[in-house]
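A structural walkthrough
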Amino acid sequence: QLPAGDLQRLCLRGGKSFYERLFPDSHIHIGWNAIAIHWLSRVPATIPDHIWSNRAAGTVKEVFARQSEGDWRAFLDHRSHELRPGGRLVVLGGASDDVGGSGAEDLMDVANTALTPSPPTTKSSSGLPTDPRSSGRSTRIAPPRNTSK
């Protein structure tokens, strides 16, 4: 129930990056960010042989980690200015285990296979083509189904 005369509640969304200032100082009572904070403000490097930064290694992985840390700090700094005193910020996001695994590895490997150019396939013992990009697993590519009658 709204207090008497309090009809000034608004839900606002911005058409720009949340890594930029979105609102004037002390303007927001509550901020909400759900399942988006993992996106970076820019792609800092090309990831060899994959589309997902968690599959990067060495200096490329370090560059992504620095970009992520800088973006997180910028996000928090901007929201700290935009929130009113006593305001609240709710951020929902994914997490990683101690070695960087998130549970999305298999899904992202399948996406990488689907979105990157295919090398020549080879025949497996079953006669079906096998994708040599699979990481030790026998990924079977089924032949197209004939749906015409």
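Values in this document were obtained by computation on a predicted structure and should not be read as measured data. (Residues numbered from 1 in each chain as written. Predicted model: local features only at pLDDT ≥ 70, side-chain atom pairs only at ≥ 80, totals over all residues. Heavy atoms only, no water.)

**A word on helix α2 (residues 105-115)**
Within α2, the full set of buried residues consists of Glu-105, Asp-109 and Asn-112. Along the long axis of α2, the arc covered by the buried residues comes to 60 degrees, so they all point the same way. Of the residues in α2, the exposed ones pointing more than 90 degrees away from the buried face are Asp-106, Leu-107, Val-110, Ala-114 and Leu-115. (Buried < 20%, exposed > 50% of the residue type's maximum accessible area, 1.4 Å probe, protein only. Helix = DSSP H or I, 4+ residues; strand = E, 2+ residues; numbered from the N terminus. Arc of directions from axis to C-beta.)

**Some points on the pattern of salt bridges**
In this structure the tally under the stated criterion is 6 salt bridges. We note a salt bridge from Glu-20 to Lys-16, for which the minimum N-O separation is 3.7 Å. Looking at Glu-20, the relative accessible area reads 38%, which means it is partly exposed. Residue Arg-55 pairs with Asp-109 through a salt bridge whose shortest N-O separation is 2.8 Å. Separated by 54 residues along the polypeptide, Arg-55 in the loop between β1 (28-34) and α1 (58-82) and Asp-109 in helix α2 bring together distant segments of the chain. Here the salt bridges do not stand alone but share partners, grouping Arg-21, Asp-25, Arg-79 and Glu-82 into one network. (Salt bridge = Lys/Arg side-chain N within 4 Å of Asp/Glu carboxyl O.)

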